[in-house]
Amino acid sequence: MTLHAIQKEWLQQQNHDDLPEWLTAFREKQRAAFMQYGVPSRSNERWKYADLGMIAQQHFDLSANAADVSREQIESYRLEDAEAVMLVLVDGKYSPSLSDCELLPQGMIACSLREAIVEHEALVKRYFNENIDAKDFPFAALNSAIFADGIFIYVPEGRQLTQPLQLLSLSSGRENAMIVPHHMIIMGADSEAFMIHEYAGIDDGKYFMNAVTSIMTEANSRLNLIKLQHESDDALHMENVFVRQRKDSHVAIVHVTTGAVFSRDDVIVQLKEQGAECVANGFYHASRDGQYIDHHIDFKHAAPRTASGMLYKGIAENKSRAVFNGSLHVEKDAQKINAYQENHNLLLSGLAEVYSKPELEIYADDVKCRHGATTGQLDQDAMFYMRARGIDEQTARSILLRGFVEEVLQRITHSAIRNHVMKQVKFL
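Q: Kindly report on empty space enclosed by the protein, identifying the contributing residues and their values.
A: What the rule picks out here adds up to four cavities of 30 Å³ or more. Each pocket or cavity is described by its volume, and for the largest cavity that value is around 120 Å³. If you go around the largest cavity, the residues you meet are Leu 167, Ile 185, His 197, Thr 213, Ile 215, Leu 225, Lys 227, Glu 239, Val 241, Ile 253, His 255 and Val 267. Those elements giving two or more residues to the lining of the largest cavity turn out to be strand 10 (208–217), strand 11 (222–230), strand 12 (236–245) and strand 13 (250–257).

Q: Report on the packing of aromatic side chains, specifying residues and quantitative values.
A: Under the criterion given, the structure shown has nine aromatic pairs. Consider the rings of Phe 137 and Phe 242, whose centres lie 5.5 Å apart with planes at 85°: the pair is edge-to-face. Here Phe 137 is found in the loop between helix 6 (121–127) and helix 7 (138–146), whereas its partner Phe 242 is found in strand 12, with 105 residues between them in sequence. Comparing Phe 137 with Phe 242 shows no difference in burial state: the two are buried. Taking the centre distance of 6.0 Å and the plane angle of 80° together, the rings of Phe 139 and Phe 208 count as edge-to-face.

Q: Before we move on, can you summarise the pattern of salt bridges with the specific residues and values?
A: Summed over the entire model, instances satisfying the criterion amount to 23 salt bridges. When the shortest N-O distance is used, the salt bridge between Lys 313 and Glu 407 registers 3.0 Å. Here the residue Lys 313 occupies a position in strand 17 (residues 307–316), and Glu 407 occupies one in helix 9 (residues 393–409), the gap between them amounting to 94 residues. Note that Arg 387 and Glu 393 form a salt bridge whose closest N and O atoms lie 3.9 Å from each other. Its relative accessible area of 43% is what places Arg 387 among the partly exposed residues. Overlapping salt bridges, with partners in common, bring together Arg 46, Arg 264, Asp 266, Asp 294 and Asp 298 in one network.

Q: Pulling in residues and values, what's your account of the packing of helix 2 (residues 21–37) against helix 7?
A: Packed helices, taken two at a time, are described by the angle their axes make and the gap between the axes. Their axes nearest at 8 Å, the elements helix 2 and helix 7 cross at an angle of 140°. Classified by the angle between their axes, helix 2 and helix 7 sit oblique to one another. Taken as a pair, helix 2 and helix 7 cross one another with a handedness that is left-handed. For the pair helix 2 and helix 7, contact is made by Phe 26, Arg 27, Gln 30, Arg 31 and Phe 34 and by Pro 138, Ala 141, Leu 142, Ser 144, Ala 145 and Ile 146, respectively. Residues of the contact of helix 2 with helix 7, tallied by class, amount to seven nonpolar, two polar and two charged.

Cut-offs and rules
Residues numbered from 1 in each chain as written. Predicted model: local features only at pLDDT ≥ 70, side-chain atom pairs only at ≥ 80, totals over all residues. Heavy atoms only, no water. 1 Å grid on protein atoms, 1.4 Å probe; cavity = no way out; pocket = protein on both sides within 12 Å on 5 of 7 lines; lining within 4 Å. Points joined across faces, edges and corners; volume = space filled by probe spheres on them. Helix = DSSP H or I, 4+ residues; strand = E, 2+ residues; numbered from the N terminus. Phe/Tyr/Trp six-rings, centres within 6.5 Å; stacked < 30°, edge-to-face > 60°. Buried < 20%, exposed > 50% of the residue type's maximum accessible area, 1.4 Å probe, protein only. Salt bridge = Lys/Arg side-chain N within 4 Å of Asp/Glu carboxyl O. Axes fitted to C-alpha atoms, helices over the stretch in contact; angles between N-to-C directions. Parallel < 35°, antiparallel > 145°, perpendicular 65-115°, else oblique. Left-handed = near helix turned anticlockwise from the far one by under 90°. Contact = heavy atoms within 4.5 Å. Nonpolar A, V, L, I, M, F, W, Y, C, P; charged D, E, K, R; others polar.

Now the structure itself:
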């Protein structure tokens, strides 16, 4: 079967339920765009290091029904030492029966995107992201053309959540399943929330998680979002996150990636109005032969007096590959910008590979922007120092690795979430 035929087969699996005319038109537009651009090749600069053969030539089926998951199975994922509101998705579909719906604060909306389209269409239409470029984000276009469900979260104006929201996306591990959730998170003016979105696989299996998350923050809102990805070893994971920020809003993102054989995260942040600020931090650990982890972070400063920051650290060992691409774009009239980006990597094997590419595209002349990138190995002098004082090699190695990653993990300011995340970092 040709690549064109495979792409067409994926699109033929789209859900044909009745949808509003505006959404049907959007999906058809994305369908045509994906067929035009399709799965990117390495000639596309954003995909030059990615081997998409395992995706492009695979027969994936869009799952019709979520697998059965019991409340007992999800209990092990709950935060310890914190009363969080857990919202559960199974194979990309929101499950109210497994979620803590009764704990939701008054006025807040958390439901399936399908339900939101029916019950809150005006709200969905107002904030729905219709500006997805299929050339740069082909898998976001594929998702937009065929998604069946996702989660819709609306924190109303002035609401400051006292409990963290724990979004749990479980994959049942069904072989060759294609999972395409489309999520929306809306922060009303002067609202505040702390969220962790955890992606995990219940059973082993080769499946394709292709998610899109759209986030809108209104004036003076604050969102802390932690993403923890520890999918099954043979899983394929992609997520495109589109963030649009209004005046004086603040978004803090922390990525922790350890799972899946192929993992790709694209984060596109538009700082649209004065005073908006976004900081993205991340840690990735490519530990197995053939594992590939890729982070592309794009900050677009479209207004003056906005600020941004990136700090990503990675470890690659055995025969694995990791990629980091940080892009900073400042428009002509966006003066008084303060921005930085840093990427630091450790290679623990002579066969591991890391590609780091910071980019600055600045059209304003009154800005403070800096960037830096390093790739190296463990400090052998420090290893010798600890070994000479009776510390065994494995413990000494763990101490150095923990010191390397600590700077990122300490940026998770919620202690219960930080402890939960640290359990997935094996050398800690």
